[in-house]
Amino acid sequence: MNTFPLADNYHHIYKQYTGRVAESEPSLDPFSEKHLHCIWFDDRLRPEVLQTERGEEVRILYPGKWNQESGPDFLDAEWSIGGRRLRGDVEIHIRPMDWQHHGHQKDPRYGNVGLH
């Protein structure tokens, strides 16, 4: 008897849709930003090493406090980029252009976002 039947279902769905994440078409794709939040928060799921757009190595030291209110998705996170230790908030989107689409660049609540 399988102790985690939902995990098997998730694995089956993930294998079918790997590389395809879409917030706007939930009927066509089962993934959402909430899925990415879960991956970000769980160090067993989050990749050990990430990269910036310029290829710099990013290591997450602390994912931050999960924010369920308005504002950035995670508060007071800690990470290192190229050996420099940094701290700030984290905003997660499926598509980078959503930062502008959601108007975060004009919202002072997002002023401490260091990772997007």
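What comes next concerns the included structure. (Residues numbered from 1 in each chain as written. Predicted model: local features only at pLDDT ≥ 70, side-chain atom pairs only at ≥ 80, totals over all residues. Heavy atoms only, no water.)

### Some remarks on the environment of E91
Then comes step 1: Within the secondary structure, E91 sits in the loop between β5 (84-90) and α3 (98-101).
Then comes step 2: Residues E91 and G71 lie 20 residues apart in sequence; the distance between their C-alpha atoms is 8.4 Å.
Then comes step 3: With near-sequence residues (within four places) excluded, E91 lies in contact with G71, P72, D73, W99, H104, Y110, V113, L115 and H116.
Then comes step 4: Within polar-contact distance, the side chain of E91 engages the backbone nitrogen of D73 at 3.1 Å.
Then comes step 5: Of the polar contacts made by the side chain of E91, one reaches the side chain of H93; its length is 3.2 Å. (Helix = DSSP H or I, 4+ residues; strand = E, 2+ residues; numbered from the N terminus. Contact = heavy atoms within 4.5 Å. Polar contact = N/O pair within 3.5 Å; in protein donor to acceptor, adjacent residues only side chain to side chain.)

### As for the environment of I94
Then comes step 1: As for its position among the elements, I94 is in the loop between β5 and α3.
Then comes step 2: A residue is classified by how much of its surface remains accessible, and I94, at 17% relative accessible area, is buried.
Then comes step 3: The spacing of I94 and S32 is 62 residues in sequence and 7.6 Å in space, taken between C-alpha atoms. (Buried < 20%, exposed > 50% of the residue type's maximum accessible area, 1.4 Å probe, protein only.)

### Re the pairing of β5
Then comes step 1: Here strand β4 (residues 74-81) pairs with β5 via six bridges, running antiparallel. For A77, the partnering residue across the bridge sits in β5 and is G88.
Then comes step 2: A loop of two residues connects β4 with β5, the two strands running antiparallel in sequence, and G82 in this loop sits at a positive phi of about 55°.
Then comes step 3: Alignment of β5 against strand β6 (residues 113-115), held across two bridges, turns out to be parallel. Residue pairing across strands places V90 opposite L115, the latter belonging to β6. (Pairing = 2+ DSSP bridges.)

### A few points about unusual backbone geometry
Then comes step 1: With a phi close to 60°, D76 is a non-glycine residue in the positive phi region.
Then comes step 2: Take D76: it is sitting in strand β4.

### Considering the pairing of strand β2 (residues 57-62)
Then comes step 1: Taken together, the two bridges between strand β1 (residues 50-51) and β2 define a ladder with antiparallel strand orientation. Residue pairing for β2: L50 is matched across the bridge by V58.
Then comes step 2: Hairpin remark: β1 followed by β2, antiparallel, with five residues in the connecting loop; positive phi at G55, about 90°.
Then comes step 3: Where β2 and β4 come together, four bridges link them in antiparallel fashion. Looking at the pairing, I60 lines up with W79 of β4.

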